[in-house]
Amino acid sequence: MKKIVAKFGGTSLADAEHFRRIKDIITADPDRRYIVASAPGKRFPEDIKVTDMLISCYEKAANNEPFAPLLNEIKQRFQDIVDGLELDFPLEPEFKILHDHLSDSPELDYMASRGEYLNSRILADYLGFHFVDPEWCVSFHASGDFDEPLTKRTLGAALRPLNHAVIAGFYGADSNGKIHTFSRGGSDVTGSLAACAVDADLYENWTDVSGLLAADPRIVPSPKSVEYLSYRELRTLSYMGASVLHTDAVLPASEKGIPINIRNTDRPEDHGTMIVRRLPKGEPHYPVTGVAGRLGMTVIQVEKVMVSDGSGFSAVMLDILKNRNLPFEQCLTGIDTITLVIRSDLLADCKEDLLSEIRSVLKPDFLGIKENLSMIAVVGEKSTESSDANIQVLYALKKANIEISTINQGAGKLNLLIGVPEDRYEEAVNVIYSTIDQ
Ligand code: ASP
């Protein structure tokens, strides 16, 4: 029998109607045996996620403000789900525990985690599956850092003996039993860890979109959704701002080559996006997989005759950044130049200082700085192998009269990174997208 880990996000578990829908999805494939649940999300656009309500409740308690009315609202959210599913799930004692906790010495992570805890217990009840509390099998250090090696052992040991289980996403605990959470959206990470722990054949991530879109829909009207994507492509697109999966959720599944399938709970008939180690053989459907970008970049250009003569000029330049704990996005070197792309917000307090250090240490022939740039990643493992797609993209930008500040493509040819002025960013993304979707 195959094993599928299916993670359902907040909107997929926002109300009783969605619980019913996901029960249909789960029972439609008996291989869907391990279910990871988020806290109830938004039921309509102006709604508030239960996790946000729990965090507000914590803040009120921590500031000695009245928290009981808000705690009651949260209870009502769960009560509506329980009643809508006609379950006999006792919420009173659970909320008494929360009330006592808030009245005593409230903890942020504990409160933030309770949405996942309660929703998963209700879902387990509704499905007739075992409930697995990550408090016992997702491990954190006392510092709050995630303990991956220990979790890999304990999570497998907790899940494997069970045929069917619901595990709460987003949190775990340290050896003293103190609850810690991943960063927001972290149930995706729990799902990937669970898939890795049970050696799943597939990790399904059910959300409210039919997969990853090839471009940001706030910039490009109705972009296509991507059918196949490699783990490497996904990491680049997520890093550049495309959001469909928590960035840390790729690694655990990818270590074992477990495919990740992004699916839409409201449209289960859609195949969604399949994220795999190697793309299927044959011609890619589209010349480029996707385009994403980031605003707020600065380019520093250092020129000196014979930069690349082996005297360690580039190493000294990078040491200057390292000693200042200043990460860079890209470093391009030419015969006589080094070009660095750095996030502008990181330079806000140290720009002049950094430039004068470069001047005094490296004594460059020319030192230039360009601000207000954006970086666009044109991602396509297969297509950027051939130069045709690159030529099309660059030619389209030229035709639109968009100045290109930097171009970067490593030998890995995973993506083409292009720097353009911030005020032409959206136009550039549209121009590039038009070369994808032909
Ligand atoms: N409920 C948490 C959040 O809203 C975690 C998650 O949904 O993955 O961030």
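See the structure shown above.
Residues numbered from 1 in each chain as written. Predicted model: local features only at pLDDT ≥ 70, side-chain atom pairs only at ≥ 80, totals over all residues. Heavy atoms only, no water.

Peer 1: I keep staring at the pairing of strand β10 (residues 273-276) and nothing clicks. Help me out?
Peer 2: Where strand β8 (residues 228-230) lies against β10, 3 bridges are found, and the strand directions are parallel. For L229, the partnering residue across the bridge sits in β10 and is I275. In this sheet, β10 lies alongside strand β9 (residues 260-264) in antiparallel orientation, the contact comprising 3 bridges. Within the sheet, the bridge partner assigned to N261 lies in β10 and is M274. (Pairing = 2+ DSSP bridges. Helix = DSSP H or I, 4+ residues; strand = E, 2+ residues; numbered from the N terminus.)

Peer 1: Would you explain unusual backbone geometry in this entry?
Peer 2: Across residues other than glycine, the phi torsion is negative in most instances, and most of the peptide bonds are trans. Of note, D199 is a non-glycine position whose phi angle comes to about 55°, a positive value. Note that D199 resides in the loop between α7 (187-197) and β7 (202-207). Phi at K363 takes a positive value of approximately 45°, unusual for a residue other than glycine. Counting through the fold element by element, K363 comes out in the loop between α12 (351-362) and β14 (366-379).

Peer 1: Got a minute to help me understand the environment of N372 in this structure?
Peer 2: Structurally, the position occupied by N372 is in strand β14. Taking relative accessible area as the criterion, N372 reaches 51% and is therefore assigned exposed. Spatially, the C-alpha atom of N372 lies 18 Å from that of C331, the residues being 41 residues apart in sequence. Ignoring any residue separated from it by four or fewer positions in sequence, one finds N372 in contact with M297, P421 and E422. (Buried < 20%, exposed > 50% of the residue type's maximum accessible area, 1.4 Å probe, protein only. Contact = heavy atoms within 4.5 Å.)

Peer 1: What should I look at first to understand α7 in this one?
Peer 2: Given 3.6 residues per turn, any residue in an α-helix points the same way as the ones three and four places further on. The buried count for α7 comes to 11 of 11 residues, which makes it a mostly enclosed element. All of the buried residues along α7 are S187, D188, V189, T190, G191, S192, L193, A194, A195, C196 and A197. D199 sits one or two residues past α7 and shows a positive phi near 55°.

Peer 1: I keep staring at helix α8 (residues 231-239) and nothing clicks. Help me out?
Peer 2: Looking at α8, one finds that the buried residues are Y231, E233, L234, T236, L237 and S238. Where α8 ends, the next residue or the one after it, G241, has phi of about 115°, a positive value.

Peer 1: So what exactly am I meant to see when it comes to the pattern of salt bridges here?
Peer 2: Two side chains with opposite charge may pair up if their charged atoms get near one another. Scanning all chains against the criterion turns up 24 salt bridges. Note that R21 and D266 form a salt bridge whose closest N and O atoms lie 2.4 Å from each other. Highlighted residues: R21 in helix α1 (residues 16-28) and D266 in the loop between β9 and β10, separated in sequence by 245 residues. Between K152 and E148 there is a salt bridge; the shortest N-O distance is 3.2 Å. Taken together, the residues K152 and E148, both in helix α6 (residues 148-159) and 4 residues apart, mark about one turn of the helix. Salt bridges sharing partners connect three or more residues here, namely E17, R21 and D266. (Salt bridge = Lys/Arg side-chain N within 4 Å of Asp/Glu carboxyl O.)

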